Every structure is written in structure tokens, then in C-alpha cells.
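# Observations on the three-dimensional arrangement
Chain by chain, the residues run as shown.
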Amino acid sequence: MDKEIKNEEVNEETVNENVEEQETAAEEQTDAADTQKEEKKELTPEEKIAELEKQVEDLKNQQLYKVAEFDNFRKRVMQEKADLIKNGGAKVITTLLPIIDDLERAQQNMDNYEDVEAVKEGLNLIIDKFFKLLAQEGLKKMDVVGQPFDSDLHEAIAMVPGQPDEQKGKVMDCLTAGYTLNDKVIRYAKVAVAE
């Protein structure tokens, strides 16, 4: 029994020692942290200036990297844009190639045809095919005759005097057709307007 009591006393002492060691270690860590804080607080003005200059230098380097990165991005975007402009018409030109083939065949066979009506019909078919293709790309021919004059769509190149009152301000004749591409005017219609 005495042994058991002694063991319990030894265990209590060991536990107490462990607790004291942990408390001492925690106090030492707190003291070390306080010392570091004091050391940081106790920087000389020269040290503070040096630290601030280092921060300024780091910020300058970051800014230079960002400027260089943005400049590279801008150059890449400009190159992509130039490539799009340069090769943007490739799709339309590719779709026009069959019409060019038809025109070349018609030109080659024109001397062999004696029937003018057949040549006209063939040429009309090619023109219709051409306009259908352009319509698929968003091109529309303006229908202007009889419409009120609109300076956003028309360019008046002649005035027709002596027209009835109901015709005044309206387009009488279209001398050059106007076109829109995806609802944006790409060529104004040149028209004669009633006075």
C-alpha cells in the first residue's frame, strides 16, 4: 500500500512538473514575442527609412511587371485584330469562288452560243446566285423609289421640279443602288428627289 501511495505521489509530482514546464514554455514564448515586438518598435529612423525604401522598391518592381504584362497583352490583341482584318474577308471570298467559276465558264462558252437568249438567261442565273449569296452574308439592296427622302439612307444628286404635291420630298429615281450590310449603310443610294 505504501508503494501505491508513493507511486501516486510520484505521478502527481510528474504531472505537476509537466504542467510547470508547459507554463514556463508558454511564458518564454510570450516573452520572446514581446521582445520581438519591442525590437520592431525600437527601430532607428535609418532602419525605418531603409525598410520603407525596400517596400517602395518592391512596389516599383511590381508596377513594372504589371506595365510590361499589360503592354504584351495590348500587343497581342493588336496582332489578333490585324490578323482578323487581314483574313476576315476569306470567308466571303471563299463563298464567291463558285460564282467566279460560273462566270469564267460563261465567258469561255460565250463564243460557242448563237442563241443570245440562252446567254442572257445563264447570266441572269449567275447574277441571282450572286445576290442570294450576298444576302446570306447580310447584304440588302435598298428599295428607294417612291420612298420619302432620308439623308441617313439617300444621297440626293438631282432635284426633279414640277411634281404633284403628293410626290414632293419623295425619291423619283435611283441612279445608283444603295446597300446595307447587317442593317448598317455601306453605300448610300444616289437618287433624284421630287421638288
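Per-chain numbering applies: the sequence of each chain, read as written, is numbered from 1 onward. Only residues with pLDDT of at least 70 get local features here, since the model is predicted, and only at 80 or more are side-chain atom pairs given and counted; chain-wide, interface and lining totals rely on the full set of residues. Side-chain figures throughout are based on the complete set of non-hydrogen atoms in the structure, without hydrogens or water.

## Some remarks on the packing of aromatic side chains
Two aromatic rings, drawn from Phe, Tyr or Trp (for Trp, its six-membered ring), form a pair once their centres lie within 6.5 Å of each other, and the interplanar angle then sorts them: stacked below 30 degrees, edge-to-face above 60, tilted otherwise. Applying the stated criterion to the full structure yields two aromatic pairs. When the ring of Phe70 is compared with that of Phe73, the centres are 6.4 Å apart and the planes differ by 40°; the resulting orientation is tilted. Linking Phe70 with Phe73, this pair stays in helix α2 (residues 45–87), spanning three residues, or about one helical turn. Think of it in three bands: residues with accessible area under 20% of the maximum for their type are buried, residues over 50% are exposed, and the middle band is partly exposed, with areas taken using a 1.4 Å probe on protein chains only. By relative accessible area, Phe70 is classed as exposed at 53%. Here Phe73 falls in the partly exposed class, since its relative accessible area comes to 40%. Ring plane angle 65° and centroid distance 5.8 Å describe the contact between Phe130 and Phe131, whose orientation is recorded as edge-to-face. On the basis of relative accessible area, Phe130 is assigned to the partly exposed category, the value being 29%. A residue is classified by how much of its surface remains accessible, and Phe131, at 36% relative accessible area, is partly exposed. What counts as a helix is a DSSP run of H or I of at least four residues, what counts as a strand is a run of E of at least two, and both are numbered from the N terminus.

## Some thoughts on the side chain of Thr180
Relative to the assigned elements, Thr180 resides in strand β4 (residues 179–181). The contact criterion used throughout is that any non-hydrogen atoms of two residues lie within 4.5 Å. Beyond its immediate stretch of four places on either side in the chain, Thr180 contacts Gly138, Leu139, Lys140, Met142, Val185 and Ile186.

## As for the sheet that holds strand β1 (residues 139–141)
As summarised here, the arrangement of the three strands in space is β1-β4-β5, forming an open sheet in which the pairing is antiparallel. Strands at the two margins of the open sheet, each flanked by one partner only, are β1 and β5 (184–187). Each neighbouring strand pair of the sheet contributes to a mean axis angle of 35°, computed without reference to strand direction. Strand pairing is assigned whenever DSSP identifies at least 2 bridges connecting the two strands. To get an axis, fit a line to the C-alpha atoms, keeping to the stretch in contact for a helix; angles then go from 0 to 180 degrees between the N-to-C directions.

## Focus on the sheet that holds strand β6 (residues 189–194)
The strand order β2-β6-β3 describes an open sheet built from three strands, whose pairing is mixed. The open sheet has two edge strands, β2 (154–160) and β3 (171–176), and neither has a second partner. If you compare each strand with its neighbour and ignore which way they point, the axes differ by 30° on average.

## Some remarks on the confidence of the model for the protein chain
The predictor's confidence in any single residue is recorded as pLDDT, a number from 0 to 100. Taken over all residues, the pLDDT of the protein chain has a mean of 82, while the share at 70 or more is 79%. Across the protein chain, α2 holds the top mean pLDDT of 93, while helix α1 (residues 2–41) sits lowest at 58.

## Structural notes on the pairing of β6
Most of β6 sits out of view: five of its six residues are buried. Pairing analysis gives six bridges linking β2 to β6, with the strands arranged parallel. Pairing of Val160 across the sheet is with Ala194, part of β6. Here β3 pairs with β6 via four bridges, running antiparallel. Residue Val171 lies in a different strand from β6, and its bridge partner there is Val193.

## Structural notes on the nonpolar core
If you look at soluble globular proteins, the nonpolar side chains tend to sit buried side by side. Ranked by size, the top nonpolar core spans eight residues in total: Leu96, Ile99, Ile126, Leu133, Leu134, Leu139, Ala177 and Tyr179. Every element with two or more residues in this core is listed here: α3 (90–109) and α4 (116–136). Of the residues forming this core, the biggest block, three residues, is contributed by α4. Among buried residues, those of type Ala, Val, Leu, Ile, Met, Phe, Trp, Tyr and Cys that are joined through side-chain atoms within 4.5 Å constitute a nonpolar core. Counting residues in each nonpolar core, the second largest holds six residues, with Met142, Val144, Val171 and Val191 among its members.

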